[in-house]
Amino acid sequence: MKKLSCVLATTLFASLPTLALAAGAIDGGAKQAVNWVAIGMFVAFVAFTLGITYWAAKQTASAADFYSAGGGITGFQNGLAIAGDYMSAASFLGISGLVYTSGYDGLIYSVGWLVGWPIVTFLIAEQLRNLGKFTFADVTSFRLGQTEIRILAACGSLVTVAFYLIAQMVGAGKLIQLLFGLDYWMAVVLVGGLMMIYVTFGGMKATTWVQIIKAVLLLMGATFMAGAVLYKYGFSPEALFARATEVHPKKTAIMEPGSLISNPLSAISLGLALMFGTAGLPHILMRFFTVKDAQAARKSVLYATGFIGYFYILTFIIGFGAIVLVSTDAAFLDGGILEKTKSGIAAIKGGSNMAAIHLANAVGGNIFLGFISAVAFATILAVVSGLALAGASSISHDIYAMVIKDGKANEQDEIRVSKIATLFLGVLAIILGIIFENQNVAFMVGLAFAIAASCNFPVLVMSIFWKGLTTRGAMIGGFLGLISAVVGVILSPAVWEATLGNPKGSAPIPLDNPALFSITLAFAGIWLFSVLDRSVRATVDRGGFDAQYVRCQTGIGAAGATTH
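Bear in mind the structure is a predicted one, so any value in this text is a computation, not a measurement.

Caption draft 1: Quick peek at the overall build of the protein chain. From N to C terminus, the protein chain includes 22 helices and 0 strands. Here the protein chain, with 564 residues, has 59% of them falling under the buried criterion. Looking at the protein chain alone, contacts between residues at least 24 apart form 84% of all its contacts between residues at least 6 apart. Carbon and sulfur atoms form 67% of the exposed surface of the protein chain, whose accessible area is close to 20100 Å².

Caption draft 2: Just the packing of helix H4 (residues 75-86) against helix H13 (residues 294-325), in detail. Across the interface, H4 lies against H13 with an axial gap of 7 Å and an inter-helix angle of 45°. On the basis of the axis angle, H4 is oblique to H13. Relative to H13, H4 is oriented so that their crossing is right-handed. Taking contact as the criterion, the partners of Gly 75, Phe 76, Asn 78, Gly 79, Leu 80, Ile 82, Ala 83 and Tyr 86 in H4 are, on H13, Ala 296, Lys 299, Ser 300, Tyr 303, Ala 304, Phe 307, Ile 308 and Tyr 312. Across the contact of H4 with H13, the residue classes tally to 11 nonpolar, 4 polar and 1 charged.

Caption draft 3: Quick peek at the packing of aromatic side chains. By the definition in use, this model includes 14 aromatic pairs. Relative to Phe 316, the ring of Phe 241 lies with its centre 5.8 Å away and its plane at 55°, an arrangement referred to as tilted. Here the residue Phe 241 occupies a position in helix H10 (residues 237-247), and Phe 316 occupies one in helix H13, the gap between them amounting to 75 residues. Its relative accessible area of 14% is what places Phe 316 among the buried residues. Geometrically, the ring pair formed by Phe 276 and Phe 457 is stacked, given 4.9 Å between the ring centres and 20° between the ring planes. With Phe 276 in helix H11 (residues 264-278) and Phe 457 in helix H17 (residues 442-465), this pair connects stretches of sequence that are 181 residues apart. The residues Phe 276 and Phe 457 share a single accessibility class, namely buried. An aromatic cluster of three or more residues is present, and its members are Phe 76, Tyr 303 and Phe 307.

Caption draft 4: A look at the pattern of salt bridges. This model, assessed by the stated rule, comprises 8 salt bridges. The salt bridge involving Arg 150 is made with Asp 138; its shortest N-O contact spans 2.8 Å. Here Asp 138 lies in helix H7 (residues 137-140) and Arg 150 lies in helix H8 (residues 146-180), a separation of 12 residues in the sequence. There is no split in this pair, since Arg 150 and Asp 138 are both buried. With a shortest N-O distance of 2.8 Å, Asp 541 and Arg 537 are connected by a salt bridge.

Caption draft 5: Highlighting a nonpolar patch on the surface. A surface patch of nonpolar side chains, about 330 Å² in accessible area, is lined by Trp 185, Met 186, Val 189 and Ile 434. No other element matches helix H9 (residues 184-232), which puts 3 residues into the nonpolar patch. Tracing the sequence through the fold places Trp 185 in helix H9.

Caption draft 6: The confidence of the model for the protein chain, seen in detail. Of all residues in the protein chain, 89% have pLDDT values of 70 or greater, and the mean over the chain is 80. Predicted confidence in the protein chain is weakest over helix H1 (residues 2-8), with a mean pLDDT of 40, and strongest over helix H20 (residues 515-531), with 95.

Caption draft 7: Inspection of H10 at higher detail. Among all positions in H10, only Leu 240, Ala 244 and Thr 245 are buried. Seen end-on, H10 carries its buried residues on one side only, within an arc spanning 130°.

Caption draft 8: Molecular detail of the side chain of Gln 211. Position of Gln 211 relative to the elements: it lies in helix H9. Reaching out from Gln 211, the side chain makes a polar contact with the side chain of Asp 85 at a distance of 2.6 Å. Beyond its immediate sequence surroundings of up to four residues, Gln 211 is in contact with Leu 80, Ala 81, Gly 84, Asp 85, Arg 287, Ala 382 and Val 383.

Caption draft 9: Layout of the packing of helix H6 (residues 108-131) against H13. Close contact between H6 and H13 brings their axes to 8 Å; oriented N to C, the two are set at 175°. In terms of their interaxial angle, H6 and H13 are classed as roughly antiparallel. Counted together, Ser 110, Trp 113, Leu 114, Trp 117, Val 120, Thr 121, Ala 125, Glu 126, Arg 129 and Asn 130 of H6 and Ala 294, Ala 297, Arg 298, Val 301, Thr 305, Ile 308, Gly 309 and Tyr 312 of H13 form the full contact between these two elements. When grouped by side-chain class, the residues that make up the contact of H6 with H13 number 10 nonpolar, 5 polar and 3 charged.

Caption draft 10: Up close: unusual backbone geometry. Backbone geometry at Phe 235 places phi at a positive 55°, although glycine is not the residue there. Structurally, the position occupied by Phe 235 is in the loop between H9 and H10. You can call Phe 235 exposed: its relative accessible area is 55%. Positioned with a positive phi, Lys 251 is a non-glycine residue whose angle comes to about 55°.

Caption draft 11: Examining the environment of Ser 463 more closely. The topology assignment puts Ser 463 in helix H17. Judged by its relative accessible area of 1%, Ser 463 falls in the buried class. Counting along the chain gives 324 residues from Ser 463 to Val 139, while the straight-line C-alpha distance between them is 7.8 Å. Beyond its immediate sequence surroundings of up to four residues, Ser 463 is in contact with Val 139, Thr 140, Arg 143, Leu 469 and Gln 548.

Caption draft 12: Focus on the state of the cysteines. The final tally for this structure, using the stated rule, is 0 disulfides. A disulfide-free cysteine, Cys 155 has its sulfur positioned 7.9 Å from the sulfur of Cys 455, the nearest such atom.

Cut-offs and rules
- Residues numbered from 1 in each chain as written.
- Predicted model: local features only at pLDDT ≥ 70, side-chain atom pairs only at ≥ 80, totals over all residues.
- Heavy atoms only, no water.
- Helix = DSSP H or I, 4+ residues; strand = E, 2+ residues; numbered from the N terminus.
- Buried < 20%, exposed > 50% of the residue type's maximum accessible area, 1.4 Å probe, protein only.
- Contact = heavy atoms within 4.5 Å.
- Areas by Shrake-Rupley, 256 points an atom, 1.4 Å probe, with all protein chains shown as cover.
- Axes fitted to C-alpha atoms, helices over the stretch in contact; angles between N-to-C directions.
- Parallel < 35°, antiparallel > 145°, perpendicular 65-115°, else oblique.
- Left-handed = near helix turned anticlockwise from the far one by under 90°.
- Nonpolar A, V, L, I, M, F, W, Y, C, P; charged D, E, K, R; others polar.
- Phe/Tyr/Trp six-rings, centres within 6.5 Å; stacked < 30°, edge-to-face > 60°.
- Salt bridge = Lys/Arg side-chain N within 4 Å of Asp/Glu carboxyl O.
- Patch = residues over 30% accessible without salt bridge, like charges linked within 9 Å, V, L, I, M, F, W, Y side chains within 5 Å.
- pLDDT = per-residue confidence, 0-100.
- Arc of directions from axis to C-beta.
- Polar contact = N/O pair within 3.5 Å; in protein donor to acceptor, adjacent residues only side chain to side chain.
- Disulfide = S-S within 2.5 Å.

Now the structure itself:
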């Protein structure tokens, strides 16, 4: 506990994170007056979660405990933890901000993310639990070449995790800078430091319980906020929407679709990335190894889908509530911008991503603002911890234990490598977060989902359901999807023009998200090079499908829980 308590003092002046990743970077970086109520609640949260980490550290003795909490998490608990992973600040602040600026169309991200869960339920949840042990690479390499597939899986996972981490860290720094008066670099260092403590000492058990606590707090806070907004309008959504169309510059257009993405190809591509990316995110897939069996894995998805769907309904109400209560109150608006634009929507302090934060102040005063600020901090910390654990697991389990040590690594050595990898990822995230301070981070999230959908998802699904898959096909197709997704995003208008500063209209690829083509290329490459593969390894790969199918459907031979 001494190791943990020594860092508590360094967190006393830390604060709330994170940015609405789906909606872009936070505008305006000026520091505001320190919110001592929010800082007090934040300190209480940090102290409580450090206590959980200390408790979890005492119970983490084996690799199974560190990576998967010993398989002892119940379906309901895991459902809440998955919801906590998914209800990131991108969801909370980002979707609320999109609804605030664009109205109904702001739900495009939440719909895409939510629709991804039936895919997880029916295609991979049960199969993952029956076939895997610690990471999804355990599944894809079940009958394929261990070395090649684990290297591919680790590459896809680490690139996805890296861009997610950068986005979260940049968002954390910007929002803390806005709310609490800390310098940007201090905020990034504090978030990175706490994340390293949680993962290094507590592993999956600590990360899971931090996620559960954060999910409960976020659901409570969002429910109160949405309820307070509806109360002001007699619990009539119709009255709320009518008032919103009166005060918003776009008038009734905010109730119509098509204002955010008008290009059908862009809409389809973004939708595919959001749907299939969900089923390829390494920190989400790891959660299915924390429960005792496939039945609990299915229950996890059922509970998670319910919590997430309910939460997205709340963010819709919060967004419209901000339109009617924040954009009409001068206390939440920048006077200079308001004078220029004559629009309360455009003049909101800190940019549209602050809509939910200002609404908390409008409906609950400074105390509720402090609570929502602490919840937002919990959000960034929990998501970053889950990402770090997923990245560290790829390095320690997939690369070190299974490739370098050929599956003969000592458990304690493997855990030690994972902790070192966590420290490395934490330092890297801090450095990159500081370097990318002034960059728009929306493209990073799009890239993370596009990579997960283009590399991890095709290989995972084909390995489970197609007998003809070979190691060569998976490698070539997977890397085709990975490389095309990265190149596609770099050459898109969001990066080529907006981020790199090239002239408008010069982007080689007109789509902001390449998933439509990178996913297609991945599946086509996997199929073609598997069909053409006549090697001895290919015969072994195809011959192992029947044994995999039996275990996939029955769970016979699956890794059991070590704690209950």
